[in-house]
Amino acid sequence: MSTLKCAATAAISVPLLPRLGIAKLESWSAAGIAFLVLFSICWLSVAAFSVLIYPHYFSPYRHLPGPKGGHWFLGHFPGFFKQKYPWSIYVDWVREFPGVPVIRYLTIANNEVLVPLTAEGMKECLQVKCYEFKKTEQWLRMVLDFAGWGIVTFSGAAHRASRRMLSKPFSLSNIRKLEPIFNQKALELCEVMDRICVQGDGVIDAIELMAKTTLDIMGLAALGRELSHLQSAQSTGKEKAATAYAGADKSDDYDFHDAYQCIVSPSMTGKILLFASGYLNVRWLPLQANREFKRATAFLNGTLLRLIRERTAVVHAALRAGTHEMKESRDILTFIAEESLPGSDGVAVGITEDEFVGNLLQIMVAGHETSATVLTWSAYMFAMDHALQDRVRAEINALLATTPNPTYADLEALHHTDNLLKEVNRVFSPAAVTYREAAQDLTFQGIPLRKGTVLDVIPAVTHMDPQIWGATVDDFDPSRWEAERLTPAQADPYVFAGFSNGPRICLGKTFAWLEMKLVLVQVVPRFRFVKLEEAFEIESPGLATRPSAMKLRIEKIE
Ligand code: HEM
């Protein structure tokens, strides 16, 4: 916008130059050069004002508390590359500003960002004024290539419509029907772990195995396809090409897992490009990280589009012929195909191909990385604390002794397991950062916000706030979730923000909870996790609290 205004100012000013005796402008080319010079002066002045002067002397947010110092142009942005977890910097701030509801920090080009630090702020943003905020333009520029347009990226009415459309496959009754899929994949994971114990060195990369497990689950639950990543988990090269991806969706030896690895676990250049792409178009730069990113996004978009076209054609033809067999539990792709038959009263009638692809892209990524991360950190904490894993194992064994095929209600009653998953979500919240932007002028925590103001909504600020959790805030202690130990402040539903809250609360929360419990129910009685001295790195900065690799030793329990 300021570029347009500068162009207009320069265009209006050019004819004034001869009158003011500044330049004669006897030809069109002289006028053109004068325009460019004026435009550049105007643009640079506006840029200098908005970067160097406005945030410090004129912004209405300049009096808000917040971190001091920062780079003259990049503000506090470089600090995001120095932190252990992708949210550590925010936890430092919540401790530096106890009791402060909202702080301000500066990012690239000294753009201002506000961060709510309290449960009340989370509630106002996520629940009370959910639709007065939208996803930020910067974040959209970062993720649209691999997430497309769908429920996660939509705001306002479009988001409500997607949520309505997807509510049925994510209802509790439908998710309970997915139990056989969760069990099947948990057992396949056990087979792989068994092979590693018997034939290999007993060392696993937990994040890789868990991601393959949850990705295979998503293949069946979302696409109705066997993706077979687990089958290929112990093979490489040609072997992998032969087994991975069950033939039909094979593209050389590249698969969904490879594509998502490239997106969620890029090189440092890839990480810089990801965050920079929020502000500038950097994806055209001839860099290896960009080539890998483009290959991954092309694979995901192309494969999903092909599956959508194939499935929709088959389902619509069968529906028209009256031969379609409506299964009791349908994958999401089939569900949308069924509900999108033109002329029917389905909830997905009129969905565009782009939106169909976008929703599947989002469900695939939101649905596997998060749960895999929680399972990985659970395995890590087991390896660090054998008493903890013994307690969880004893609880699961006691259940299996009386109930070999536990129901949803039986799993609900596994309270040590439940507490473990809650504590992992508190300390290693997989969705590390979520972003919001004021969709209109509004008041937030008593502060008048202008349209376009950006908010970082960070689960870790309430999860790791000593004012809420006391002196043991940094300890990993699942028993803090025992109902009788929780203080009213800790039990506030807006404090536990790992799945977000309000109308945009994680659509897959019940799915994830059942899936993670069933994986633990199969794995924990069969294997013991043991710590290795090998150090691991966490993807930071990043969008998830994810280790890039997590080597653990496993021992078979006879
Ligand atoms: C431990 C596992 C999970 C965690 C911690 C988690 C966390 C979250 C969070 C924090 C959000 C809100 C993001 C935002 O507002 O910007 C979200 C949204 C979402 N999640 Fe999850 N998620 C998990 C598992 C899943 C699974 C298994 C699925 C699907 C199978 C799923 C599907 C979604 C969808 C579709 C949304 C968008 C909801 C909306 O905007 O209305 N998630 N999740």
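Under the annotation held in an unreviewed UniProt entry, the protein chain carries the name Cytochrome P450 and is attributed to Sporothrix curviconia. Note on the protein chain: under the UniProt heading Cofactor (unreviewed entry), the record states "heme".

Q: Explain the sheet that holds strand β3 (residues 133-134) here, please?
A: As a general point, the strands of a sheet are linked pairwise by backbone hydrogen bonds and lie either parallel or antiparallel. Spatial ordering of the open sheet is given by β1-β2-β8-β5-β3, a layout of five strands whose pairing is mixed. Lying at the two open borders of the sheet, with one neighbouring strand each, are β1 (102-106) and β3. In terms of strand pairing, β3 meets strand β5 (residues 434-438) through two bridges, oriented antiparallel. If you follow Lys-134 over to β5, its bridge partner there is Glu-437.

Q: Where do I start with the environment of Phe-182 in this structure?
A: With respect to the helices and strands, the residue Phe-182 is situated in helix α9 (residues 179-198). Separated by 122 residues in the primary sequence, Phe-182 and Leu-304 place their C-alpha atoms 22 Å from one another. Each residue touching Phe-182, except ones within four places of it in the same chain, is listed here: Ile-175, Ile-217, Phe-511, Leu-514, Glu-515 and Leu-518.

Q: Just to check I follow, could you spell out the packing of aromatic side chains for this structure?
A: How two aromatic rings sit relative to each other is given by the distance of their centres and the angle of their planes. Under the definition given, this model contains 32 aromatic pairs. Centre to centre, the rings of Phe-182 and Phe-511 are 5.0 Å apart; their planes meet at 75°, and the pair counts as edge-to-face. One end of the pair, Phe-182, is in helix α9; the other, Phe-511, is in helix α23 (residues 509-523), with 329 residues separating them in the sequence. Of the two residues examined, Phe-182 and Phe-511, each falls in the buried class. Put simply, the rings of Tyr-85, Trp-87, Trp-377, Tyr-380, Phe-428, Phe-476 and Phe-536 pair up and form one aromatic cluster. The cationic tip of Arg-283 hangs over the ring face of Phe-293; the distance from NZ or CZ to the ring centre is 3.6 Å. If you follow Arg-426 out to its NZ or CZ, it ends over the ring of Trp-469, 5.2 Å from the centre.

Q: Help me out: how do you make sense of the sheet that holds strand β4 (residues 203-205) in this one?
A: Reading across from one edge, β4-β10-β9 is the order of the three strands in this open sheet, with antiparallel pairing throughout. The sheet is open, and its two edges are formed by β4 and β9 (527-530), each paired on a single side. Averaged over neighbouring strand pairs, the angle between their axes works out to 40° when direction is ignored. Across the face of the sheet, helix α10 (residues 206-223) comes into contact with β4 and β10 (551-556) while running at roughly 60° to β4.

Q: Looking at this structure, I do not really get the site of the ligand. What am I missing?
A: Near the ligand there are 27 residues, and of these Lys-135, His-159, Arg-163, Arg-436 and Cys-506 occur at the shortest range. Arg-163 has a polar side-chain atom sitting 2.6 Å from an oxygen atom of the ligand. Residue Arg-436 places a side-chain N or O atom 2.8 Å away from an oxygen atom belonging to the ligand. Contributing elements (two or more residues each) for the shell around the ligand: α7 (156-166), α16 (353-384), β5 and α23. By residue number, the principal contributor to the shell around the ligand is α16, which donates five residues. The residue makeup of the shell around the ligand, split by class, is 14 nonpolar, nine polar and four charged.

Q: Help me understand the environment of Pro-478 in this model?
A: For Pro-478, the location among the structural elements is in the loop between α21 (466-469) and α22 (488-491). Taking relative accessible area as the criterion, Pro-478 reaches 8% and is therefore assigned buried. Residues Pro-478 and Tyr-435 lie 43 residues apart in sequence; the distance between their C-alpha atoms is 28 Å. Not counting chain neighbours up to four residues away, the residues in contact with Pro-478 comprise Leu-388, Asn-419, Leu-420 and Glu-423.

Reading guide: rules and limits
- Residues numbered from 1 in each chain as written.
- Predicted model: local features only at pLDDT ≥ 70, side-chain atom pairs only at ≥ 80, totals over all residues.
- Heavy atoms only, no water.
- UniProt positions renumbered as here; feature names shortened; annotations may be inferred.
- Pairing = 2+ DSSP bridges.
- Helix = DSSP H or I, 4+ residues; strand = E, 2+ residues; numbered from the N terminus.
- Contact = heavy atoms within 4.5 Å.
- Phe/Tyr/Trp six-rings, centres within 6.5 Å; stacked < 30°, edge-to-face > 60°.
- Buried < 20%, exposed > 50% of the residue type's maximum accessible area, 1.4 Å probe, protein only.
- Lys NZ or Arg CZ within 6 Å of the ring centre and 35° of its normal.
- Axes fitted to C-alpha atoms, helices over the stretch in contact; angles between N-to-C directions.
- Near = heavy atom within 4 Å.
- Polar contact = N/O pair within 3.5 Å; in protein donor to acceptor, adjacent residues only side chain to side chain.
- Nonpolar A, V, L, I, M, F, W, Y, C, P; charged D, E, K, R; others polar.

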